[in-house]
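# Overview (structure and organization)
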Amino acid sequence: MEQTFRNASTRDYARVSAVVNDWWGWDAVSMLPRLFFEHFADTSFVVEQAGTLQAFLIGFRSQSRPLEAYIHFVGVAPEARQHGLARALYERFFADSHAAGCRRVGCVTGPGNRASVAFHRRMGFEITTGDQIIDGIAVHSGYDGAGRDRVVFQRAI
Ligand SMILES: CC(C)(COP(=O)(O)OP(=O)(O)OC[C@H]1O[C@@H](n2cnc3c(N)ncnc32)[C@H](O)[C@@H]1OP(=O)(O)O)[C@@H](O)C(=O)NCCC(=O)NCCS
């Protein structure tokens, strides 16, 4: 069965938020409020197969930095992983962002999310210099508030 890629819409919010904690393995849904589906639908995508949600990407072009785009969330259903779906979503986002005038893409992840760190490296992202090194990875302490350290990625497009 063919996979279909399309832009996200507000109609996707309920079913995306329903799977996030399961797909991430921790309580990540609080970081994905509805506003992304209301205001960033044109730069966000969902992938379906036979009507079943397979993957999604939530991104936007920076309002403050016109040359920059940002990927806030990407998730792939556990049974659909390691088949290039996240790569396909990122490449689509890169192409659209470049066509709109952006030349860099950024994103952040928690230092404990090893799969995300490995995935972003494979996707050509560089880890920006932080203020500490954890397990060989540069980390920005308290980047998202007290106790919320982040690995910060940048990639040219
Ligand atoms: C991270 C995630 C999005 C990857 O999705 P995916 O569809 O399996 O990734 P792809 O198959 O497109 O992989 C792209 C590349 O990354 C690599 N990669 C993907 N997951 C990896 C992992 N866990 N460890 C090491 N490398 C990984 C692949 O080998 C591939 O490399 P290649 O194309 O050079 O051969 C998916 O595991 C996921 O949804 N995780 C839970 C949510 C999450 O943590 N999201 C990221 C933070 S917002």
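This write-up is about the structure you can find in this document.

Parameters and conventions
Residues numbered from 1 in each chain as written. Predicted model: local features only at pLDDT ≥ 70, side-chain atom pairs only at ≥ 80, totals over all residues. Heavy atoms only, no water. Salt bridge = Lys/Arg side-chain N within 4 Å of Asp/Glu carboxyl O. Buried < 20%, exposed > 50% of the residue type's maximum accessible area, 1.4 Å probe, protein only. Helix = DSSP H or I, 4+ residues; strand = E, 2+ residues; numbered from the N terminus. Contact = heavy atoms within 4.5 Å. Polar contact = N/O pair within 3.5 Å; in protein donor to acceptor, adjacent residues only side chain to side chain.

## Here's the deal with the pattern of salt bridges
Following the criterion strictly, the structure yields 10 salt bridges and no others. In this structure, the salt-bridge partner of Glu 38 is Arg 34, at a minimum N-O distance of 2.8 Å. A relative accessible area of 41% means that Glu 38 is categorised as partly exposed. Between Asp 144 and Arg 150 there is a salt bridge, with the nearest N and O atoms lying 2.9 Å from each other. With relative accessibility at 36%, the residue Asp 144 sits in the partly exposed group. Of the residues examined, Arg 150 reaches a relative accessible area of 12% and is grouped as buried. Among the charged side chains, a network of salt bridges with common partners joins Arg 6, Asp 12, Arg 15 and Glu 48.

## Details of the environment of Tyr 13
Looking at the element boundaries, Tyr 13 is found in helix α1 (residues 13–24). Here Tyr 13 falls in the buried class, since its relative accessible area comes to 17%. C-alpha of Tyr 13 to C-alpha of Pro 33: the two residues are 20 residues apart in sequence and 8.7 Å apart in space. Ignoring anything within four residues of it in the chain, the contact list for Tyr 13 reads Leu 32, Pro 33, Arg 34 and Phe 37. Of note is the side chain of Tyr 13, whose polar atom sits 3.1 Å from the backbone oxygen of Leu 32.

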